[in-house]
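Spelled out, the chains give:
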Amino acid sequence: MQSTPFVTPFGLMRETSLSRDVVEAAAARLKRAGLLEVLGDDERGYESWRICEVALAAAATRTTAARSA
């Protein structure tokens, strides 16, 4: 199984044309939800992120189960 690569705020800004504030606000929401893995880079002063596939699958399963109830 191939894992999801980490992305930087700068890569997301370049690929989406979103501002850094918007990218970091979205990342903060995903982190609070437990859906984002974080790789810190103390030397450069920013984080890289990737979706936590296991947490995302678990959240999707809970959502599907709640809708079926």
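Sequence positions are assigned chain by chain, starting from 1 and proceeding in written order. Side-chain atom pairs in this predicted model are given and counted only at pLDDT of 80 or more, local residue features only at pLDDT of at least 70, and totals for whole chains, interfaces and linings cover all residues. Side-chain metrics rest on all non-hydrogen atoms present in the structure, leaving aside hydrogens and water.

1. Quick word on the overall build of the protein
To qualify as a helix, a DSSP run of H or I must reach at least 4 residues; to qualify as a strand, a run of E must reach at least 2; elements of each kind are numbered from the N terminus. Helix and strand counts for the protein stand at 3 helices and 2 strands. A total of 69 residues make up the protein; the buried ones form 17% of that total. Across the protein, the fraction of contacts at a sequence separation of at least 24, relative to all contacts at a separation of at least 6, is 44%. Only carbon and sulfur atoms are counted for the fraction: they give 56% of the accessible area of the protein, which is about 5300 Å². Between buried and exposed lies partly exposed: a residue is buried under 20% and exposed over 50% of the maximum accessible area for its type, with that area taken using a 1.4 Å probe on protein chains only. Note on contacts: a residue pair is in contact if any heavy atoms of the two residues lie within 4.5 Å. Computed with a 1.4 Å probe, the accessible areas rest on the Shrake-Rupley method; for each residue, only the protein chains presented here act as cover.

2. What to know about helix H2 (residues 20–32)
Helix span, expected: 1.5 Å multiplied by one less than the number of residues in the helix. Spanning 13 residues, H2 covers 18 Å between terminal C-alpha atoms, matching the ideal 18 Å at 1.5 Å per step. Following H2 by one or two positions, Gly-34 has its phi on the positive side, about 80°.

3. Observations concerning the packing of helix H1 (residues 9–16) against H2
The relative placement of two packed helices is expressed as an angle between their axes plus a distance between the axes. Where H1 meets H2, the closest approach of the two axes is 9 Å, and the angle between their N-to-C directions is 120°. Regarding the angle of H1 to H2, the classification is oblique. H2 is crossed by H1, and the crossing has right-handed handedness. Only Arg-20, Val-23 and Glu-24 of H2 make contact with H1, whose side of the interface consists of Pro-9, Phe-10, Leu-12 and Met-13. Lys, Arg, Asp and Glu make up the charged group, whereas Ala, Val, Leu, Ile, Met, Phe, Trp, Tyr, Cys and Pro make up the nonpolar group; the residues left over, Gly among them, are polar. Partitioned by chemical class, the residues of the contact of H1 with H2 number 5 nonpolar, no polar and 2 charged. To get an axis, a line is fitted to the C-alpha atoms, and for a helix only the part in contact is used. The angle between two axes follows their N-to-C directions and goes from 0 to 180 degrees. Between 65 and 115 degrees an angle is taken as roughly perpendicular, under 35 as roughly parallel, over 145 as roughly antiparallel, and anywhere else as oblique. Crossing handedness is defined as follows: a turn of the near helix away from the far one that is anticlockwise and smaller than a right angle gives a left-handed crossing, while the clockwise case is right-handed.

All quantities given are derived from atomic positions and should not be read as evidence of function.
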